[in-house]
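Descriptive analysis of the structure
So you can see what is in the structure, the chains are spelled out below.
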Amino acid sequence: MRIRELRRKEVINITDGGRLGFVGDVDLRMPDGQTAALIVYGPARFFGLFGRGEEYYIPWDSIQRIGDDIILIDKPAQHRDPSLERRRRKKF
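Values in this document were obtained by computation on a predicted structure and should not be read as measured data.

1. Topic: the side chain of S62
Residue placement: S62 occurs in the loop between strand 4 (55–59) and strand 5 (63–66). On the basis of relative accessibility, which here comes to 2%, the residue S62 falls in the buried class. Aside from chain neighbours lying at most four places away, what touches S62 is L72, I73, D74 and K75.

So, in structure tokens, the structure goes:
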């Protein structure tokens, strides 16, 4: 499956029935190239002018099923603060 095909799929948590959003990015392990997690971006705030909400980091082992248009997960997704990620990127 290609990453662009994953980006068209909506992620739904089967523990509470919540819709998390659409896949925004994929976290890969290098050098073996295995998929470590899916990243779902939070909703846009006020038409995207004030950034986005929290991101969800979904480990690959919590994915139950990948369908034609949805991805079902069974564990509560971990929130990831985007500002911490930006600070981490700036250090390198």
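2. Remarks on the nonpolar core
Formed by L6, V11, L20, V23, V26, L38, V40, Y56, I58, I63, I71 and I73, the largest nonpolar core amounts to twelve residues. Among the elements that line this core, the one with the most residues is strand 2 (residues 19–29), at three residues. Setting aside residues up to four positions removed in sequence, I71 forms contacts with L6, K9, E10, V11, I12, V23, L38, I63, R65 and I66.

3. A word on the pairing of strand 3 (residues 34–40)
Side-chain positions along a regular strand alternate between the two faces of the sheet. Most of strand 3 sits inside the fold, with five of its seven residues counted as buried. Pairing of strand 2 with strand 3, which is carried by six bridges, proceeds in the antiparallel orientation. For V23, the partnering residue across the bridge sits in strand 3 and is V40. Between strand 2 and the antiparallel strand that follows it, strand 3, lie four residues; G33 among them carries a positive phi value of about 75 degrees.

4. Observations concerning a nonpolar patch on the surface
There is a patch of nonpolar side chains on the surface, built from M1, W60 and I66 and spanning about 310 Å² of accessible area. With respect to the helices, strands and loops of the structure, W60 is situated in the loop between strand 4 and strand 5.

5. Overview of the pattern of salt bridges
Evaluated as defined, the whole model comprises one salt bridge. E10 is the partner of R19 in a salt bridge, and the nearest nitrogen-oxygen pair spans 3.5 Å. Judged by relative accessible area, R19 falls into the exposed class, the value being 64%.

6. Regarding the confidence of the model for the protein
Looking at the protein, the pLDDT average stands at 78 and 71% of residues meet or exceed 70. Model confidence for the protein, summarised as mean pLDDT per element, is weakest for helix 2 (residues 82–91) at 46 and strongest for strand 6 (residues 70–73) at 93.

Procedures and definitions
- Residues numbered from 1 in each chain as written.
- Predicted model: local features only at pLDDT ≥ 70, side-chain atom pairs only at ≥ 80, totals over all residues.
- Heavy atoms only, no water.
- Helix = DSSP H or I, 4+ residues; strand = E, 2+ residues; numbered from the N terminus.
- Buried < 20%, exposed > 50% of the residue type's maximum accessible area, 1.4 Å probe, protein only.
- Contact = heavy atoms within 4.5 Å.
- Core = buried A, V, L, I, M, F, W, Y, C linked by side-chain atoms within 4.5 Å.
- Pairing = 2+ DSSP bridges.
- Patch = residues over 30% accessible without salt bridge, like charges linked within 9 Å, V, L, I, M, F, W, Y side chains within 5 Å.
- Areas by Shrake-Rupley, 256 points an atom, 1.4 Å probe, with all protein chains shown as cover.
- Salt bridge = Lys/Arg side-chain N within 4 Å of Asp/Glu carboxyl O.
- pLDDT = per-residue confidence, 0-100.

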